[in-house]
Amino acid sequence: MNEQLVVRPISLNGHNRPVKRVLFTRDGDFFVSSSTDRTCVLWRTSNAHITGVYKHEAAVETMDLSPDDKLIAAGGFGGINIWDLFSGRLVGRIEGKNYAPVWLAFDCNGDRLAVVSSKRMNTAASLRIFDVSEMKKNETDKPVVLDINDTPYISKPESLSTFLLQRATVVTFDRMSQHIILGTDCGSDGEGELYKIDPETLEIVGEPVYAHESAVAQIEFSLDYTHFLTCGYNDKQAKLWDSATMECIKTYNMKVPCRGGAIHPHIDQIILAGGQDARDVTQTGSTEDQFHIFFYDKIMAEPLGELSGHFGPVHCLAFSPSGKEIASCSEDGTVRLYVFVDGDSYLKWHSV
Amino acid sequence: MQTERMADLDARVEELLANESFEDQVVIDEEKLLGEPLAILDESFASIVYVTGLPVTAQAKCDKLCAVALKRIAALMRKPFKPVFYDMPINPESGSSFGYLFIECVDKEEAEELIEAVDGQFMMKDKYPLTASAYSSIEALRNIPDEFDAQAVRDAQEKYHEPIIVDDWLMDDRARSQAALVVGDHLDLQWHDTITGFDTATDMPFNPSTHKLHWTKNGSFLLARTADAKVAELLGGDNNGDLTTLISHPNMAGMMTSNTERYIVTVSTGMPGAEGPLRGPHMAIWDKLNGNKRIKVLPMFDLDTKGKYPSNCPTPLQFSPSDKFIAYGYEQRIQIYSTKDLRKPVRVLQLPGLVDFSWSPADDFLAIFQVEDNNRPAKASIINVPKLCRQLVSRNLYGVKSCAITWHPHGYYFATTTERAVRNGSTTNIDIFRVKNPAVPIETLEYREKKVTGIAFEPRGFRLAISLGEEVEARAAALSGEDNVEQLIQPKAVDIYTLTDIKQGALRREVELAHPAHTLSWSPAGRMLVLQSGPAQESGVNRWVDANNGEVVATREFPYMDTAAWDPTGRAYAVYTSYDRMPDYAGVEMFSHRGQALAADKIKNLVSFMWRPMPESVLTEEDKREINYKEDAKAFERVDTALRLSMDEDEAAKRRLIRLKWTDWQKECHQAVADLAEAWKAAAPVQYARMVHKDDFVEVEMEFARQRSELEDLEKDE
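Bear in mind that the values here come from a model prediction, so they are computed numbers and not experimental data.

(A) Just the overall build of chain A, in detail. Along chain A, the regular secondary structure elements total two helices and 29 strands. Out of the 352 residues in chain A, the part that is buried amounts to 63%. Residue pairs at least 24 apart in sequence account for 47% of intrachain contacts in chain A once pairs closer than 6 positions are excluded. Carbon and sulfur atoms form 48% of the exposed surface of chain A, whose accessible area is close to 13,300 Å².

(B) Highlighting a negative patch on the surface. Residue and element names in this part refer to chain B. Negative charge collects at one region of the surface, where Asp 107, Glu 109, Glu 112 and Glu 116 lie side by side. Residue position: Glu 112 is located in helix H4 (residues 108–118). We classify Glu 112 as partly exposed; its relative accessible area is 44%.

(C) Seen up close, the sheet that holds strand S26 (residues 400–407) of chain B. Residues and elements named next belong to chain B. The antiparallel open sheet is built from four strands, whose spatial order is S26-S27-S28-S29. Among the strands making up the open sheet, the edge pair consists of S26 and strand S29 (442–447). Neighbouring strand axes in the sheet, compared pairwise and without regard to direction, differ in orientation by 20 degrees on average. Pairing analysis gives ten bridges linking strand S27 (residues 413–422) to strand S28 (residues 425–434), with the strands arranged antiparallel. What sits directly across from Ala 421, in S28, is Ser 426.

(D) Summary view of the pairing of strand S36 (residues 540–546) of chain B. All names here are of chain B. Counting buried residues in S36 gives seven out of seven residues, a clear majority hidden from the surface. Alternating residues of S36 divide into Gly 540, Asn 542, Trp 544 and Asp 546 and Val 541, Arg 543 and Val 545, and every residue in both groups is buried. In this structure, strand S35 (residues 528–533) lies alongside S36, joined through six bridges in antiparallel fashion. Its bridge partner being in S36, Ser 533 is matched across the sheet by Val 541. In this sheet, strand S37 (residues 551–558) lies alongside S36 in antiparallel orientation, the contact comprising seven bridges. Within the sheet, the bridge partner assigned to Asp 546 lies in S37 and is Glu 551. Where S36 hands over to S37, the hairpin turn is made up of four residues, of which Gly 550 adopts a positive phi near 70 degrees.

(E) Geometry of the UniProt feature "repeat: WD" (unreviewed entry) in chain A. What UniProt calls "repeat: WD" (unreviewed entry) maps, in this numbering, to residues 12–53, 53–93, 209–251 and 307–338 of chain A. Across residues 307–338 of chain A one finds 0% helix and 53% strand; the C-alpha atoms that close the span lie 9 Å apart.

(F) Just the pattern of salt bridges, in detail. Taken as a whole and assessed by the stated rule, the structure comprises 32 salt bridges over all chains. Across the salt bridge formed by Arg434(B) and Glu443(B), the nearest N and O atoms sit 2.5 Å from each other. Like Glu443(B), Arg434(B) is buried. Across the salt bridge formed by Lys634(B) and Glu631(B), the nearest N and O atoms sit 3.9 Å from each other. Within this pair, Lys634(B) and its partner Glu631(B) are both found in helix H8 (residues 629–647), separated by three residues, close to a single helical turn. Among the charged side chains, a salt-bridge network with shared partners connects Glu57(A), Arg93(A) and Glu95(A).

Calculation rules
Throughout this document, residue positions are counted from 1 along each chain, in the order its sequence is written. Just so you know, chain letters begin at A and ligand numbers begin at 1, following the order they were written in. Residues qualify for local features only when their pLDDT is at least 70, as the model is predicted, and side-chain atom pairs are given and counted only at 80 or more; totals for whole chains, interfaces and linings, by contrast, use all residues. Hydrogens and waters are ignored; side-chain quantities use all the structure's heavy atoms. In DSSP terms, a helix is any run of H or I states spanning at least four residues, a strand is any run of E spanning at least two, and both are numbered starting from the N terminus. Buried, partly exposed and exposed residues are distinguished by accessible area as a fraction of the type maximum, computed with a 1.4 Å probe on protein chains only: under 20%, between the cut-offs, and over 50%, respectively. Residue contacts follow a heavy-atom distance rule, with two residues in contact if any of their heavy atoms lie within 4.5 Å. The Shrake-Rupley method, run with a 1.4 Å probe, gives the accessible areas here. Residue values count only the displayed protein chains as cover. Residues enter patches when they are more than 30% accessible in relative terms and free of salt bridges; like-charged ones are connected within 9 Å and nonpolar ones (Val, Leu, Ile, Met, Phe, Trp, Tyr) within 5 Å. A pair is scored as a salt bridge if a Lys or Arg side-chain nitrogen falls within 4 Å of a carboxyl oxygen belonging to Asp or Glu. Charged-residue counts in this description rest on Lys and Arg as positive and Asp and Glu as negative, His and the chain ends being excluded. For this purpose, a charge sits on NZ of Lys, CZ of Arg, CG of Asp or CD of Glu. The pairing criterion for strands is at least two bridges between them, as found by DSSP. Angles shown run from 0 to 180 degrees and are taken between the N-to-C directions of axes, each axis being a line fitted to C-alpha atoms and, for helices, limited to the stretch in contact. UniProt positions are given in the numbering used here, feature names are shortened, and annotations may be inferred rather than shown by experiment.

Right under this line is the structure:
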């Protein structure tokens, strides 16, 4: 526990606006970040160089990689762009007037894309599932353009109320894409909830689960999809859930609001990060270490250590599949890559 | 004779027992049984004394010798003495005396008086050492072998004067640190470990209002001084608290020990009624090895009288690191004494303008600072004392306003911090002397805008931390209502330089930190630096800085901090709040070397907390070479792991249960998923083949199996 973590922190400046999301590819050789500066950037892990930049028309609010590392989808106001990850070709575009995606996620084959959007003007909040298999097969330079209404999988008001969808913050597929897990912000009743939704009928399966006192900021599945991590933003908690029974199995208490988390691929550890919003900093007392990355023992739910770096709220964290790198992105406009210099040194954090 | 009597007695008892029947009450008259009372031991020889060590003379001169000897004995006894009888036996073979004399005194008391007066004294100046003993002890003395057996003497000495073992606490198998805590009316010696926390070693009654405490330099003893300023006590030994030494020195104002803890120096404000230097303020040096003998008294001058002794110096008397030399400075000169012979100084150095001097912590080098005088510049110099006080290096400085001298804790470097007046304002120079380099090169750092508030060398390292401040005007409204403007220097930033290699561009600024530091506190193991901000006795923020990359790894705020100190090994950092400062918060907070909170112990009535200092090492160079760090580290790690587990058996069991529950649950999940996958595979083989996560699952399953087997191995080991 007191062992020193030998880690090389690298600060990456490729964005000039807050960076919202960061994801590793499945082989861990690259990672992608998306920012509200209207771009997504592909980075090489080994040398942290920029390999590619994907330009969107609007600020990128949400981004996801298909599990086979073929596609990258980025959603911003006005539509979703889908590129071929390594050629950078725009293979598809989902358009809609006043369409404002909040979160999107690929299914386990990379054939479907689940998107939750918020209400803008006269376009209602919705959960839609698009078939992107055509785009995956697209070998031409001309992107496949879809209208948002071109899909049969649109949430119906009788199963998913508009009120519920307006609060939706996170959406993701569970193992083998059997269900969609939807996380919500707290509404007037003040509870962030988790819903299990059938991806075919878009109907709620089972009872909604009370998750956090505040918004569910992120849902992060473990590699084997048996459990997942949720971050409740303002309640300063992260929770671990059994994905089959939707029961909370662990609770991690943090000192600061928790926005992003990641589960270590091999070791029973998780990392959490966050920090107060810039607009809240003046209201309450703050310490310098609130933007650190905190290591927790996954099973014992005990803090193990911390890594410093960012000077703004951290939005998202990701472990590389080998567990030897951590990528983080923050409101301060930087992406940071932490490389464990001695490959084994992080093992010493493994508490007894 | 005795045995015969006893045998006779036994026979008579048997006879009695045979005749008398047991039914009757048997009354045994002891006197009747014993017959005549035992003879009283003959004491007639008790008044005879036997004196040896006299010169051997011819028979003719014996009478004269006897007269001389008796005269001397009378002189030694300080009273007219006339023996009842005396005899000097003559060797019939050689016709000369044996060199001894029998004297019969009036009674036993006088004989004892004679023995006490004469034994160990001399005759004819120092020529003949006399030994006087009672005649009755001749038998015992005869058994002393003629050959000197050194081993036997040593054995006997060991038997009767067992040396006080003072370093057994360093032999702790877990190499824990110790701290002395005064809690209420108790003195607790506590072991401290970063895993188990505090563990009481010794607990003894102690009155903090009458005694003042501090550790000696290597932590072997606790030096206690009574508040009534009469007695200094050294506590130590096997039980860590036994009184080993007691020194009485009236009007004691201070005390210290030398670097090897052999000599003790006490400072007294003067003994009225005494003569010579003891009358005024003085210092006394006591030799602990030599039965706490006072070996030197040096006059000490009034603190008010300026120019009498070096003004910057914490103490005018300083021991060299090897304790071979003492430097004693006063009135613009330094007297160097050799501890072998303190009668006269071995050397007197005339140093006009002397303000400060200090021994190197490692070598017998003495650094001296002299201030400017009319035509003479200020001068910093280092001299090699064992080599006839040869000057190693010196540097002249001009326009010096104030100065401070600092040694590296291992004597690698020496630095002078001087504030100098220049044409427009003032500048602060830090001159760094590389003492270990034979040429002793000097490098200079100059700060024009900022003020240097303090410097600190990294122990076991090659770095220098400098705290910088800015002048601010502090406005304090005095009671009179007038604004009292003061110039205060407020710390603002800290710079860290490395001094590793002179060839690589000499001094390099590695780290600049924009954090204030009133005190710079390096870890004794190096690398970590704690910046304590907030003036003493006020709330403070402590920042842990990793000097390797200049990162602030932890920041902690202590509203009621009294003092913070590193454990002498650099493993822990203690922050303590005493009862006097804030009763509700009294206690000790422990942090790891990287600022992680380890424990916060609330200790009611905490008076003081002191880490026990440690000697640098008890190992020789050969021993150090034999250490296999890699292997030892593994062994220690194993011990620590076991310790953490066994620390709280219940806790460990609980944790193991939680872990086991988790692994069981994981196994269940994986089984369920595997079953599901099988079902899918059977139902929809094409779809299943497309499942991207199939590979992942196999990998995870393998990983899981590996971890599971590891866990089982671990349990088996236990």
